[in-house]
Amino acid sequence: MFIGKYNRSVILTYIGVGIAFLGVALVLAGHTALAMICLILAGICDLFDGVIARRCKRDEVAKEFGIQIDSLADVIDFLTLPSVLGLYLTSGVRVFRYPILLLYILCGIIRLAWFNTSAATEGVRSHYDGLPVTYSALILPVLWVILKYVGSVLTMTVVSGIWAAAYIVMGLLFILNVKVPKPRGIWYGVLGILAVGVTVLILL
């Protein structure tokens, strides 16, 4: 009746999009800390959706759909939500925040398109080309916690400048030809524990 796939191989991807959309709404309502937690949760969904998908019996169409829907979801989860957060976090740098966040978005979609192209032509690989956009769900919350505890001694302009620099660096790393190892085995547990710890520190 419907086109697309709706089984458990993609369910976490869809949940992640819903969480990211909630995060955008929370930023607009002024609840940036909760929005940052939504970014973390979206990252957890992305971390484990591939694990679940690989355990599902899928034909080639389902596998290709999974690749495409994952990248489309990443646009919402790790480009749109962080950019909306960035409008608040970089407010102290005034008009400069707009080209900075545009750079972040453009680099992100270029990286996602390159990933899809590589996935279609090179098969399973042990590393990523360029920093995955999903790492924004780790970098931004960790920086939030750091600035939460040291930012009180800095001016708003300096704090905004730090956030702006973070977005620039992430954007450039998205498209730089660097090899980033894929998380495997114990790293799933480590990243999960780190996500819980950072979430607690944001809420304190």
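Relevant structure appears above.
Residues numbered from 1 in each chain as written. Predicted model: local features only at pLDDT ≥ 70, side-chain atom pairs only at ≥ 80, totals over all residues. Heavy atoms only, no water.

Caption draft 1: Up close: the overall build of the chain. Summing up its helical and strand segments, the chain has 7 helices and 2 strands in all. Ordering the α and β elements of the chain from the N terminus gives α-α-α-α-β-α-α-β-α. A compact globule built from 204 residues would reach a C-alpha radius of gyration of about 17 Å, and the chain, at 17 Å, matches this within 12%. With the C-alpha coordinates of the chain rotated into their principal frame, the extents come out at 55 × 35 × 35 Å. Taking all 204 residues of the chain together, the buried fraction comes to 45%. Taking the contacts inside the chain whose residues are at least 6 apart along the sequence as the reference set, 81% of them involve residues at least 24 apart. A total of about 11100 Å² of accessible surface is found on the chain, and carbon and sulfur atoms cover 74% of it. When the 15 positive and 10 negative side-chain charges of the chain are each reduced to one mean point, those points stand 5 Å apart. (Helix = DSSP H or I, 4+ residues; strand = E, 2+ residues; numbered from the N terminus. Rg over C-alpha atoms; globule rule 2.2 N^0.38 Å. Buried < 20%, exposed > 50% of the residue type's maximum accessible area, 1.4 Å probe, protein only. Contact = heavy atoms within 4.5 Å. Areas by Shrake-Rupley, 256 points an atom, 1.4 Å probe, with all protein chains shown as cover. Lys, Arg positive; Asp, Glu negative; His and termini not counted. Charge placed at Lys NZ, Arg CZ, Asp CG, Glu CD.)

Caption draft 2: Molecular detail of a nonpolar patch on the surface. Together, Ile146, Tyr149, Val150, Val153, Leu154, Val158, Val196, Val200, Leu201 and Leu204 make up a nonpolar patch on the protein surface, roughly 900 Å² of accessible area in all. Since its relative accessible area comes to 38%, valine 150 is described here as partly exposed. (Patch = residues over 30% accessible without salt bridge, like charges linked within 9 Å, V, L, I, M, F, W, Y side chains within 5 Å. Salt bridge = Lys/Arg side-chain N within 4 Å of Asp/Glu carboxyl O.)

Caption draft 3: Quick peek at the pattern of salt bridges. In total, this model carries 2 salt bridges according to the counting rule given. Its salt-bridge partner being glutamate 60, residue lysine 63 comes within 3.7 Å of it at the nearest N-O pair. Of this pair, lysine 63 and glutamate 60 both sit in helix H3 (residues 60-89), separated by 3 residues, roughly a single helical turn. Residue classification places lysine 63 among the partly exposed residues on the basis of a relative accessible area of 35%.

Caption draft 4: Layout of the nonpolar core. Counting 44 residues, the largest nonpolar core has Met36, Leu39, Leu85, Trp163, Tyr167, Phe174 and Ile202 as its most contacted members. Broken down by element, this core gets its largest block of residues, 8 residues, from helix H2 (residues 32-54). Discounting residues that sit within four places of it in the chain, tryptophan 163 has contacts with Met36, Leu89, Thr90, Leu140, Leu143, Trp144 and Leu147. (Core = buried A, V, L, I, M, F, W, Y, C linked by side-chain atoms within 4.5 Å.)

Caption draft 5: Up close: the layout of surface pockets. One number sums up the size of the second largest pocket: a volume of about 290 Å³. Taken together, 15 residues form the lining of the second largest pocket, with Tyr88, Leu89, Trp144, Val159 and Trp163 sitting closest to its centre. Among the elements of the structure, H2, H3, helix H5 (136-150) and helix H6 (156-175) are those that each provide at least two residues to the lining of the second largest pocket. Per element, the largest residue contribution to the lining of the second largest pocket is 4 residues, and it comes from H6. Within the lining of the second largest pocket, the residues separate by chemical class into 9 nonpolar, 5 polar and 1 charged. (1 Å grid on protein atoms, 1.4 Å probe; cavity = no way out; pocket = protein on both sides within 12 Å on 5 of 7 lines; lining within 4 Å. Points joined across faces, edges and corners; volume = space filled by probe spheres on them. Nonpolar A, V, L, I, M, F, W, Y, C, P; charged D, E, K, R; others polar.)

Caption draft 6: View of the packing of H2 against helix H7 (residues 186-203). With their axes 10 Å apart at the nearest point, H2 and H7 run at an angle of 165° to one another. Classified by the angle between their axes, H2 and H7 sit roughly antiparallel to one another. Once H2 is placed against H7, the crossing between them reads as left-handed. Contacts from Ala33, Leu34, Met36, Ile37, Ile40, Ile44, Leu47, Phe48, Val51 and Arg54 of H2 reach H7 at Tyr188, Leu191, Ala195, Val198, Thr199, Ile202 and Leu203. (Axes fitted to C-alpha atoms, helices over the stretch in contact; angles between N-to-C directions. Parallel < 35°, antiparallel > 145°, perpendicular 65-115°, else oblique. Left-handed = near helix turned anticlockwise from the far one by under 90°.)

Caption draft 7: Molecular detail of the environment of glycine 23. Along the chain, glycine 23 falls in helix H1 (residues 11-28). Each C-alpha atom, one on glycine 23 and one on histidine 127, is 29 Å from the other, the two residues being 104 residues apart in sequence. Those residues in contact with glycine 23 that lie beyond four places of it in its chain are Ala35, Cys38 and Leu81.

Caption draft 8: Fine view of the packing of aromatic side chains. A complete count under the given rule lists 5 aromatic pairs for this structure. Seen in terms of ring centroids, tyrosine 104 and tyrosine 167 are 5.2 Å apart; in terms of plane orientation they differ by 80°. Their pairing is edge-to-face. One end of the pair, tyrosine 104, is in helix H4 (residues 97-122); the other, tyrosine 167, is in helix H6, and 63 residues separate them in sequence. Of the residues examined, tyrosine 104 reaches a relative accessible area of 0% and is grouped as buried. Members of the aromatic cluster, each reached through a chain of ring pairs, are Tyr104, Tyr167 and Phe174. (Phe/Tyr/Trp six-rings, centres within 6.5 Å; stacked < 30°, edge-to-face > 60°.)

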